[in-house]
Amino acid sequence: MMGTLLQRLDVKIRHLLPISLMILLFLFDAIPKRLPYFTEISPILPLAGIYYWAIFRPDLLGAKSVFLLGVAYDLAMGTPLGVSSAIFLGLHGLGQSQRRFFYRKPFLMIWLGFSLMAFVAMLLQWAFISLIYGRALPTEAAAFSYLMTISAYPVVSWFFARLQLVLLKNA
Amino acid sequence: MKQHPVAVGRLTTLKLLAQRFTVATLVVASFALMLWGKADTMLSESARVAVSDVTAPILNAMSQPASTAADLVSEVRELATLRGENARLSAENQSLLHWQTMARQLEVENRLLKAQMNYVSDPDPSFITTRVVGDMGGAYVHSMLVNAGARDGVRKGQAAVTGEMLVGRVMEVGERSARILLLTDINSHLPVLMENSRAKAILIGDNSDRPRLSYISQNAVVEPGERVVTSGHGGAFPPGVPVGVVVSVHDGVARVEPFVHRHRLEYVTIVDYGLAGILQAELGGGTTR
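Okay, so let's go over this structure. (Residues numbered from 1 in each chain as written. Chains lettered and ligands numbered in written order. Predicted model: local features only at pLDDT ≥ 70, side-chain atom pairs only at ≥ 80, totals over all residues. Heavy atoms only, no water.)

## Here's the deal with the overall build of chain A
Logical step 1: Broken down by element type, chain A carries eight helices and zero strands.
Logical step 2: For chain A, the sequential pattern of α-helices and β-strands runs α-α-α-α-α-α-α-α.
Logical step 3: Its C-alpha atoms give chain A a radius of gyration of 17 Å, near enough to 16 Å, the size a compact globule of 171 residues would have.
Logical step 4: Considered along the principal axes of its C-alpha atoms, chain A spans approximately 60 × 35 × 30 Å.
Logical step 5: Of all 171 residues assigned to chain A, the portion counted as buried reaches 51%.
Logical step 6: A sequence separation of at least 24 residues applies to 75% of the contacts in chain A between residues at least 6 apart. (Helix = DSSP H or I, 4+ residues; strand = E, 2+ residues; numbered from the N terminus. Rg over C-alpha atoms; globule rule 2.2 N^0.38 Å. Buried < 20%, exposed > 50% of the residue type's maximum accessible area, 1.4 Å probe, protein only. Contact = heavy atoms within 4.5 Å.)

## Side note on the overall build of chain B
Logical step 1: A count of helices and strands for chain B gives four helices and twelve strands.
Logical step 2: A sequence separation of at least 24 residues applies to 57% of the contacts in chain B between residues at least 6 apart.
Logical step 3: Put simply, chain B shows about 16800 Å² of open surface, and 59% of that area lies on carbon and sulfur atoms. (Areas by Shrake-Rupley, 256 points an atom, 1.4 Å probe, with all protein chains shown as cover.)

## Some thoughts on the packing of aromatic side chains
All names here are of chain A.
Logical step 1: With the rule as written, the count across this model stands at 17 aromatic pairs over all chains.
Logical step 2: Here Y73 and F88 contribute two aromatic rings whose centre-to-centre distance is 5.5 Å and whose plane-to-plane angle is 45°, an arrangement assigned as tilted. Here F88 lies in helix α5 (residues 83-97) and Y73 lies in helix α4 (residues 63-77), a separation of 15 residues in the sequence. Each member of the pair, Y73 as well as F88, carries the same accessibility label: buried. (Phe/Tyr/Trp six-rings, centres within 6.5 Å; stacked < 30°, edge-to-face > 60°.)

## Focus on the layout of surface pockets
Logical step 1: Size it by volume and the second largest pocket reaches roughly 650 Å³.
Logical step 2: Contributing to the lining of the second largest pocket are 17 residues, with P58(A), H92(A), Q96(A), Q19(B) and V23(B) lying nearest its centre.
Logical step 3: For the lining of the second largest pocket, the secondary-structure elements that each account for two or more residues are α4, α5 and α6 (99-102) of chain A together with α1 (5-39) of chain B.
Logical step 4: Element by element, the count of residues in the lining of the second largest pocket is highest for α1(B), at five residues.
Logical step 5: Taken together, the residues that form the lining of the second largest pocket break down as five nonpolar, seven polar and five charged. (1 Å grid on protein atoms, 1.4 Å probe; cavity = no way out; pocket = protein on both sides within 12 Å on 5 of 7 lines; lining within 4 Å. Points joined across faces, edges and corners; volume = space filled by probe spheres on them. Nonpolar A, V, L, I, M, F, W, Y, C, P; charged D, E, K, R; others polar.)

## Details of unusual backbone geometry
Residue and element names in this part refer to chain B.
Logical step 1: At R198, a residue that is not glycine, the phi angle is positive and equals roughly 60°.
Logical step 2: One can find R198 in the loop between β6 (189-194) and β7 (200-204).
Logical step 3: Within the chain, N207 stands out as a residue other than glycine whose phi angle is a positive 65°.
Logical step 4: Mapped onto the secondary structure, N207 falls in the loop between β7 and β8 (212-214).
Logical step 5: Its relative accessible area of 4% is what places N207 among the buried residues.

## Overview of the packing of helix α3 (residues 45-56) of chain A against α5(A)
Residue and element names in this part refer to chain A.
Logical step 1: Packing of α3 against α5 brings their axes to within 8 Å, and their N-to-C directions diverge by 30°. The pairing of α3 with α5 is recorded here as roughly parallel in orientation. Between α3 and α5 lies a crossing of right-handed hand. On α5, the residues touching P46, L47, I50, Y51, A54 and I55 of α3 are F88, L91, H92, G95 and Q96.
Logical step 2: Tallied by class, residues from the contact of α3 with α5 come to eight nonpolar, three polar and no charged. (Axes fitted to C-alpha atoms, helices over the stretch in contact; angles between N-to-C directions. Parallel < 35°, antiparallel > 145°, perpendicular 65-115°, else oblique. Left-handed = near helix turned anticlockwise from the far one by under 90°.)

## Quick notes on the pairing of strand β9 (residues 227-230) of chain B
All names here are of chain B.
Logical step 1: In this structure, β6 lies alongside β9, joined through three bridges in antiparallel fashion. Bridge pairing in β9 places V192 opposite T230.
Logical step 2: Bridge count for β9 against strand β10 (residues 242-250) is three bridges, and the pairing is antiparallel. Looking across to β10, one finds that V229 is bridged to P242. (Pairing = 2+ DSSP bridges.)

## What to know about the sheet that holds strand β5 (residues 178-182) of chain B
Picture the strands of a sheet paired through backbone hydrogen bonds; they go either parallel or antiparallel.
Residues and elements named next belong to chain B.
Logical step 1: Taking strand neighbours around the barrel as the criterion, the six strands line up as β1-β2-β5-β4-β3-β12 in a closed arrangement whose pairing is antiparallel. Put simply, the sheet's adjacent strands are angled 45° from each other on average, direction ignored.
Logical step 2: By the bridge criterion, four bridges tie strand β2 (residues 143-146) to β5 in an arrangement that is antiparallel. Within β5, the position partnered with L145 by the bridge is R179.

## Some thoughts on the sheet that holds β7(B)
Logical step 1: A barrel is described by the order of its strands in space; here six strands give the closed sequence β6-β7-β8-β11-β10-β9 (chain B), paired in antiparallel fashion. Neighbour-to-neighbour, the strand axes of this sheet turn through a mean angle of 45°, independent of strand direction.

## Considering the interface of chain A and chain B
Logical step 1: Across the contact, 40 residues belong to chain A and 46 residues belong to chain B.
Logical step 2: At the boundary of chain A with chain B, total buried surface from both sides reaches about 3900 Å², with 70% on carbon and sulfur atoms.
Logical step 3: When residues of chain A are sorted by the area they lose upon contact with chain B, R34(A), T39(A) and L75(A) head the list and together hold 17% of the total.
Logical step 4: For the pair chain A and chain B, the number of links is one salt bridge.
Logical step 5: Among the salt bridges present, the one from E40(A) reaches R262(B), with a minimum N-O distance of 3.3 Å.
Logical step 6: In this structure, the connection of chain A to chain B is made through eight residue pairs in polar contact (both at pLDDT 80 or more).
Logical step 7: Elements supplying a minimum of two residues to the side of chain A that touches chain B: α2 (17-30), α4, α5, α7 (107-133) and α8 (140-167) of chain A. (Buried area = accessible area lost by both parts, 1.4 Å probe. Salt bridge = Lys/Arg side-chain N within 4 Å of Asp/Glu carboxyl O. Polar contact = N/O pair within 3.5 Å; in protein donor to acceptor, adjacent residues only side chain to side chain.)

## Some words on the side chain of T130(B)
All names here are of chain B.
Logical step 1: Among the secondary structure elements, T130 is positioned in strand β1 (residues 126-135).
Logical step 2: Take T130: its relative accessible area is 5%, and that puts it in the buried class.
Logical step 3: Among the polar contacts made by the side chain of T130, one reaches the main-chain amide nitrogen of A148 at a distance of 3.5 Å.
Logical step 4: If near-sequence neighbours (up to four positions away) are discounted, T130 is found in contact with V146, N147, A148, E266, Y267, V268 and I270.

Dropping the structure here:
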């Protein structure tokens, strides 16, 4: 009896891995990095995370969690509330719907897919925030931030894949 | 447990529909949050403050190793440029000694003049020095999280300076943490003064790294190279704090380069000027201490 209870607890804790990793990404985003002019073009790492889990383990990071993560991200970062939830949900939905296509493809294809979807997500983010503030915001910083995000995807994906192999192999 | 195939099929379609329904509701909820956040700023502010009160201590602990690493890097860099830096500092020291003598003379003169005119001087500000624990990355957010909050005496609207230069103003205050709005943020409106011509203006950020000057008084002509300081209007900010330099006048729009660069900020001093300024009056006086 104890055995199965511990087993189930073990599985439940392993299932928390995606959400904990996402929260770690948020915190990493927020730490002051003290690199000149880096902050304005810093990548939106959670996008990479959401795409990765949407393709490989959508059962562990569902729509509700993604929505809550978006709300937490907006509250922590100071961006207008609701914007990140909308684009995270959009990316999650897109990633999940194309999951069967991407699942067995080589890494480059997955990366390309992320570049396209992240472009749509960040374009929408620019549009929503501009609408909320009532004027067209500068696009240079956002464009560079997009390039940084797609460059960061391989790193994030490698890190998540290692952890997934170690911790979630049989869970 | 054998299930009828038709029933299983119906179950999966129902599940799919329920899933789609959840996603649709969540998307609608996101848009609702966008509208709500725009309409009711008090609630989103308290939510943000609650989150920052939780994350600030964590970020504080996390950024210790990062700042140690940054210190190491700057130490190595400093060693490399030691000789040149030494020469430069000696020269600067000479000119500063000269300024010090002049300042002493001016201070005496000032005191005498104040006494003659029965001048009522501004109250002495008190300071709260705190560490920057969060630099919110992103193209749209120009704010920072600091490790001091209401329990340290920080209040909304206070000025944040570093080494004599203005960084921004306190926009949200929690129990343990506060959020500082930088000058370059789109929500930042700062009453300023041209140091030489004494013309008043408002420095408005637009999320670029050079905020612009608007509502320049007396239609004064603004030249590049002119220093910009705070005017102290509204009462909450100390007057005369250096803000930046006018760098370009293009199409009638003057742009200011702030003295302070975001990536160099590690410690920030929040100035408690004593007067609550117009913000407190605006809020009806019935809000936070």
